[in-house]
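Chain by chain, the residues run as shown.
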Amino acid sequence: MKIAVMGGDGFIGWPTSLHLSDAGHDVHILDNLSRRWIDTELGVQSLTPMDSIQERTRIWHAETGRRIHFNLIDLARDYELLKKWLAENRPDAIIHFAEQRAAPYSMKSDRHKNYTVNNNINATHNLLNALVELQLDAHLIHLGTMGVYGYSTVGAAIPEGYLPVGIETTSGETVSQEILYPANPGSIYHMTKCLDQTLFHFYAKNDGLRITDLHQGIVWGTHTEQTRRHEQLVNRFDYDGDYGTVLNRFLIQAAIGYPLTVHGTGGQTRAFIHIQDSVRCIELALKNPPARGARVEIFNQMTETHRVRDLAEMISKLTGAEIAWLPNPRKEAPENELIVKNDKFRDLGLDPITLKTGLMGEIVDVARKFAYRVDRSRVPAVSAWTRDIAPTINHDPEGKRLKSVS
């Protein structure tokens, strides 16, 4: 297939592009490279050294003989350019990663909230609008988040997108219906993913677009089969308080002798997936598109759930790292249970990688190799969800800053 990967220079987009190219697909990356600019804004860099997207694709061609094409396009702002590219290339499938993906970044300030909403919602709607205008019957796969469901304890397994409900009629009878699971976002970022859901629902119903929405858990790991082939194909690896994911951050903290930063009680239960499984799931979704006119196909793209403090204790035992218990910068339940159905991908043949498979040690090795690239001042999570929470945040978990003498 000819596949457009929107946001193909990013944390999930790059290994997905390599994986699909390796499988024989004709891959075209569309990206505005905003994630690289955000690194500059935040004064931080990927733990792993990243070459330019042009150099990355050149190395891939030299190693495999396969070409990945790059197009500098901002989906949220360059609608006519996007439409022109789609009209000229008419891809068979489109994978949509082109959104600001970090909840803490989306909560840093009013400017960051506006950017996240404008970028994410405009990108999604511009893409849907162009598909309809061009009568382009491409299968659209969107990377969403488990966070659309929220993280409150409900005492039941979260279904894959749709909730069966009974509605009492005026005559007193009960009729059955399936509705989108009630949205319960925990940040501006998560809110944009909830709004994406509504856009997809409308365009599938109104225009017959074929759409798959992947509600993904927290990604851990850095290498995939393809990124291991050459050191310049390495994926980005974020460790900072805004973009680093919790398990990767713990492993990096352990590798550099930094305390494992657990916020609140650590009772937050979250869904996880290894990055290799993430790209496999996307390929499985590609091979199993919904029919034209069908409702949006929704998968829960996760393989296991863990409580944050249990992860910290596991890694502490593995590495000897200390645990620092810190105030929580987020407005969220201190404790929650999380039971998630993920039967669809398992039924399609996914054999998941779990935390018990030994790959955590590989991440620690990567972190130690590139520890010289870590700016320890960027490790703490300091983006507060509300003004009231901001004064409670610990900016110095190591306790190394100069103290005033009274």
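Residues numbered from 1 in each chain as written. Predicted model: local features only at pLDDT ≥ 70, side-chain atom pairs only at ≥ 80, totals over all residues. Heavy atoms only, no water.

In the nomenclature of an unreviewed UniProt entry, the chain corresponds to UDP-sulfoquinovose synthase from the organism Rhizobium metallidurans. One UniProt comment on the chain, placed under Pathway (unreviewed entry), says "Bacterial outer membrane biogenesis; LPS O-antigen biosynthesis." Check the Sequence similarities (unreviewed entry) section of the UniProt entry for the chain; it says "Belongs to the NAD(P)-dependent epimerase/dehydratase family." (UniProt positions renumbered as here; feature names shortened; annotations may be inferred.)

**Q** What should I look at first to understand the overall build of the chain in this one?
**A** Helix and strand counts for the chain stand at twelve helices and 14 strands. In terms of overall size, the chain behaves like a compact globule, its C-alpha atoms giving a radius of gyration of 21 Å where 406 residues would be expected to give roughly 22 Å. Along the first, second and third principal axes, the C-alpha set of the chain runs to 70 × 65 × 40 Å. When burial is assessed residue by residue, the chain has 56% of its 406 residues classed as buried. In the chain, the proportion of contacts linking residues at least 24 apart, taken out of those at least 6 apart, comes to 81%. Of the accessible surface of the chain, which amounts to about 17500 Å², a share of 49% is contributed by carbon and sulfur atoms. If you average the places of the 45 positive and of the 49 negative side-chain charges in the chain, the two averages end up 3 Å apart. (Helix = DSSP H or I, 4+ residues; strand = E, 2+ residues; numbered from the N terminus. Rg over C-alpha atoms; globule rule 2.2 N^0.38 Å. Buried < 20%, exposed > 50% of the residue type's maximum accessible area, 1.4 Å probe, protein only. Contact = heavy atoms within 4.5 Å. Areas by Shrake-Rupley, 256 points an atom, 1.4 Å probe, with all protein chains shown as cover. Lys, Arg positive; Asp, Glu negative; His and termini not counted. Charge placed at Lys NZ, Arg CZ, Asp CG, Glu CD.)

**Q** Sorry if this is basic, but what is going on with the UniProt feature "domain: NAD-dependent epimerase/dehydratase" (unreviewed entry) in the chain here?
**A** As recorded in UniProt, the sites labelled "domain: NAD-dependent epimerase/dehydratase" (unreviewed entry) are residues 3-291. What you have in residues 3-291 is 39% helix and 20% strand, and the ends, taken at the C-alpha atoms, are 18 Å apart.

**Q** Just checking my understanding: could you explain helix α6 (residues 110-133) for this structure?
**A** Helix length check: α6 (24 residues) gives 33 Å between terminal C-alpha atoms against 34 Å at 1.5 Å per residue, within 8%. Among all positions of α6, only His112, Thr116, Asn119, Asn120, Ile121, Ala123, Thr124, Asn126, Leu127, Leu128, Ala130 and Leu131 are buried. Where α6 begins, the capping side chain belongs to serine 109, and its oxygen is found 3.3 Å from the backbone nitrogen of arginine 111. Immediately downstream of α6, the backbone of glutamine 135 shows phi near 50°, a positive value. (Expected span 1.5 Å × (residues − 1). Polar contact = N/O pair within 3.5 Å; in protein donor to acceptor, adjacent residues only side chain to side chain.)

**Q** When you look at the pattern of salt bridges in this model, what are you seeing that I'm missing?
**A** Two side chains with opposite charge may pair up if their charged atoms get near one another. For the structure on display, the rule yields 28 salt bridges. The partner of arginine 229 in a salt bridge is glutamate 225, with the nearest N and O atoms 3.9 Å apart. By relative accessible area, glutamate 225 is classed as partly exposed at 47%. Between arginine 307 and glutamate 335 there is a salt bridge whose closest N-O contact spans 3.3 Å. Highlighted residues: arginine 307 in strand β13 (residues 304-307) and glutamate 335 in the loop between β14 (323-326) and α11 (343-347), separated in sequence by 28 residues. (Salt bridge = Lys/Arg side-chain N within 4 Å of Asp/Glu carboxyl O.)

**Q** What is the right way to look at the packing of aromatic side chains in this model?
**A** If you walk through the whole model with that rule in mind, you get six aromatic pairs. Note on tyrosine 105 and tyrosine 243: the rings are 5.6 Å apart at their centroids and 50° apart in plane angle, and the pair reads as tilted. You can see tyrosine 105 sitting in helix α5 (residues 103-106) and its partner tyrosine 243 sitting in the loop between β9 (218-220) and α8 (246-255), a full 138 residues away along the chain. Note on tyrosine 149 and tyrosine 181: the rings are 5.2 Å apart at their centroids and 90° apart in plane angle, and the pair reads as edge-to-face. Taken as a pair, tyrosine 149 in the loop between β5 (139-145) and β6 (162-168) and tyrosine 181 in the loop between β7 (174-180) and α7 (188-207) lie far apart in primary sequence, 32 residues in all. In this pair, the class of tyrosine 149 matches that of tyrosine 181, namely buried. (Phe/Tyr/Trp six-rings, centres within 6.5 Å; stacked < 30°, edge-to-face > 60°.)

**Q** Before we go on, may I ask you to explain the sheet that holds β13 in this structure?
**A** Think of a sheet as strands paired side by side through backbone hydrogen bonds, with each pair either parallel or antiparallel. Judged by pairing direction, the sheet is mixed, and its three strands sit side by side in the order β9-β11-β13 without closing on themselves. Both outer strands of the open sheet, β9 and β13, are each paired with one neighbouring strand and no more. Along the sheet, successive strands turn relative to each other by an average axial angle of 45°, direction set aside. Relative to strand β11 (residues 269-274), β9 is paired through three bridges, and the arrangement is parallel. Residue valine 219 lies in a different strand from β11, and its bridge partner there is isoleucine 273. On the sheet, helix α9 (residues 275-287) packs against β9 and β11 and is oriented at approximately 75° with respect to β11. (Pairing = 2+ DSSP bridges. Axes fitted to C-alpha atoms, helices over the stretch in contact; angles between N-to-C directions.)

**Q** I keep staring at the nonpolar core and nothing clicks. Help me out?
**A** A general tendency of soluble globular proteins is for nonpolar side chains to be buried together. Counting 41 residues, the largest nonpolar core has Met6, Leu30, Leu75, Leu86, Ile94, Leu128 and Ile211 as its most contacted members. Among the secondary structure elements, those contributing two or more residues to this core are β1 (2-6), α4 (79-89), α6 and α7. Membership of the second largest hydrophobic core comes to 37 residues, among which are Trp220, Phe237, Tyr243 and Val379. (Core = buried A, V, L, I, M, F, W, Y, C linked by side-chain atoms within 4.5 Å.)

**Q** I tried to follow the packing of helix α1 (residues 13-22) against helix α3 (residues 53-64) on my own but got confused; where do I start?
**A** Axis angle and axis distance: for two packed helices, these are the angle between their axes and the distance between the axes, and together they describe the pair. For the pair α1 and α3, the least separation of the axes is 12 Å and the interaxial angle reads 25°. With respect to each other, α1 and α3 are oriented roughly parallel. For the pair α1 and α3, the sense of crossing is right-handed. Of the residues in α3, those touching α1 at Trp14, Leu18, Ser21 and Asp22 are Ile53, Arg56, Thr57 and Trp60. (Parallel < 35°, antiparallel > 145°, perpendicular 65-115°, else oblique. Left-handed = near helix turned anticlockwise from the far one by under 90°.)

**Q** Would you take a moment to explain the side chain of threonine 48 for this structure?
**A** Mapping threonine 48 onto the fold places it in the loop between α2 (34-42) and α3. In terms of polar contacts, threonine 48 uses its side chain to reach the backbone carbonyl oxygen of asparagine 235, at 2.6 Å. A distance of 3.4 Å separates the side chain of threonine 48 from the backbone nitrogen of phenylalanine 237, its partner in a polar contact. Not counting the four nearest positions on each side in its chain, threonine 48 is found in contact with Val234, Asn235, Arg236, Phe237, Val366, Phe370 and Arg373.

**Q** Would you mind going over the sheet that holds strand β3 (residues 68-72) with me for this structure?
**A** As summarised here, the arrangement of the seven strands in space is β3-β2-β1-β4-β5-β8-β12, forming an open sheet in which the pairing is parallel. Strands with a single pairing partner mark the edges of an open sheet, and in this sheet they are β3 and β12 (297-301). When the angles between neighbouring strand axes are averaged without regard to direction, this sheet yields 20°. In the sheet, β5 pairs with strand β8 (residues 211-216) via six bridges, with the strands oriented parallel. Looking at β8, one finds that leucine 143 is bridged to leucine 214. Where α7 meets the sheet, its contacts fall on β5 and β8, and the angle it forms with β5 comes to roughly 155°.

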